[in-house]
Amino acid sequence: MRGITLAAIVVALGACGDNIHPPGEGDSIDTIAPAQVQAGDIIPIQCNLYQGSGAPTNAADAQIDIQFENSALHLNGQIVARKVGTIAITCSLPDMGLVDPTPAMVKIVAGPPYTLVTTLSPTEIDAGKSVYATCRVFDIEGNELDDESPALAVSPSDPQTTITGLTAEMIHTGHYEGQCTLPGVTGNAVGFDVGPNLP
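Quick notes on the rules
- Residues numbered from 1 in each chain as written.
- Predicted model: local features only at pLDDT ≥ 70, side-chain atom pairs only at ≥ 80, totals over all residues.
- Heavy atoms only, no water.
- Pairing = 2+ DSSP bridges.
- Helix = DSSP H or I, 4+ residues; strand = E, 2+ residues; numbered from the N terminus.
- Buried < 20%, exposed > 50% of the residue type's maximum accessible area, 1.4 Å probe, protein only.
- Disulfide = S-S within 2.5 Å.

A.B. asks: Sorry if this is basic, but what is going on with the sheet that holds strand S4 (residues 57-58) here?
C.D. replies: The strands making up a sheet associate through hydrogen bonds between their backbones, and the pairing can be parallel or antiparallel. Pairing is antiparallel in the open sheet, where 3 strands are placed in the order S1-S3-S4. Each end of this open sheet is capped by a strand with a single partner; those strands are strand S1 (28-32) and S4. Bridge count between strand S3 (residues 46-50) and S4: 2 bridges; the pairing is antiparallel. Bridge assignment links Asn48 to a residue of S4, and that residue is Asn58.

A.B. asks: Please explain the pairing of strand S11 (residues 115-121) as it appears in this structure.
C.D. replies: Moving residue by residue along a regular strand, the side chains alternate between the two faces of the sheet. What you see with S11 is a clean split: Leu116, Thr118 and Leu120 sit on the buried side and Thr115, Val117, Thr119 and Ser121 on the side with no burial. In this structure, S11 lies alongside strand S13 (residues 130-138), joined through 7 bridges in antiparallel fashion. Opposite Leu120, over in S13, you have Ala133 as the bridge partner.

A.B. asks: Explanation requested: the environment of Ser149 in the structure shown.
C.D. replies: Along the polypeptide, Ser149 turns up in the loop between strand S14 (144-145) and strand S15 (151-155). Overall, the relative accessible area of 64% leaves Ser149 in the exposed class. Linking Ser149 and Cys135, residues 14 residues apart in sequence, is a C-alpha distance of 8.7 Å.

A.B. asks: Teacher, can you tell me more about the pairing of strand S20 (residues 190-195) here?
C.D. replies: As judged from the 3 bridges shared by strand S12 (residues 124-126) and S20, these two strands associate in the parallel manner. If you follow Asp126 over to S20, its bridge partner there is Gly195. Note: strand S18 (residues 174-182) against S20, 5 bridges, orientation antiparallel. Pairing of Gly178 across the sheet is with Val190, part of S20.

A.B. asks: I keep staring at the state of the cysteines and nothing clicks. Help me out?
C.D. replies: By definition, a disulfide links the sulfur atoms of two cysteine residues through a covalent bond. Under the counting rule described, the total for this entry stands at 2 disulfides. Note on cysteine connectivity: Cys47 is disulfide-linked to Cys91, with sulfurs 2.0 Å apart. Disulfide Cys47-Cys91: torsion about the S-S bond near -70°, hence left-handed. Placement of Cys47 in strand S3 and of Cys91 in strand S8 (residues 85-93) is noted, with a sequence separation of 44 residues between them. Accessibility classification places Cys47 together with Cys91 in one group, the buried group. Note on cysteine connectivity: Cys135 is disulfide-linked to Cys180, with sulfurs 1.9 Å apart. With the S-S bond torsion at -80°, the cross-link from Cys135 to Cys180 turns out left-handed. In this pair, Cys135 sits in strand S13 while Cys180 sits in strand S18, placing the two residues 45 residues apart along the sequence.

So this is what it looks like as C-alpha cells:
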C-alpha cells in the first residue's frame, strides 16, 4: 500500500510541470531585422525557428527583447525606432528554452527635419544694427540634426532689411518677427523691436 501511495505522489509531481519543453537537437531561433532604420520608422522583425534539418518557420509567438529600451518604443505590437544609436534585438521562445545567441544589431539614424526651434539675440536693437538667429533642427522623435542649413526669415518684409545667413541688419524701426525656415519646415517666430538710432 505504501508503495502505491509513493508512486501516486511521483506521478502527481511529474504532472505539475511548468510547460517548458526542452528544445530538440539542432533547434534554434534566429532574429532577422534591417541593419539600419530612421528614427520614427517601424522596425520590421522576424523570428525564424529552425527545427532539425527542416526549413525555418516564422515564430510569430516569439518574445522580442530590446537592449537600450528607451531607444525604441513598443506600440500596438510593433517596434518604433526612437533615439539615434545602435540597439540589439533578440528573439526567444522561453517555453522551448530557445534564445538567439547572436542578436540583430540595428543602427538608428536621425529622420528628416520635423521641427525647428528659433532663438534671436538681441531682441531689442537700434536701427542700423543686427539681430542674430540660432536655429536648432529636430526629427519627429526629438533627435537633433546638425547637418541642416536653415535660413532666417524676417517679417514684415522690408527691402532695406539685409539678411546674410542667420543675421539680419535692420534699418527701419518697428516690431518684427524672425524665424528659422527649411523647405517644408517652419520654426517658431520670435519677436524683436527696432528702435531709432538716436545720437
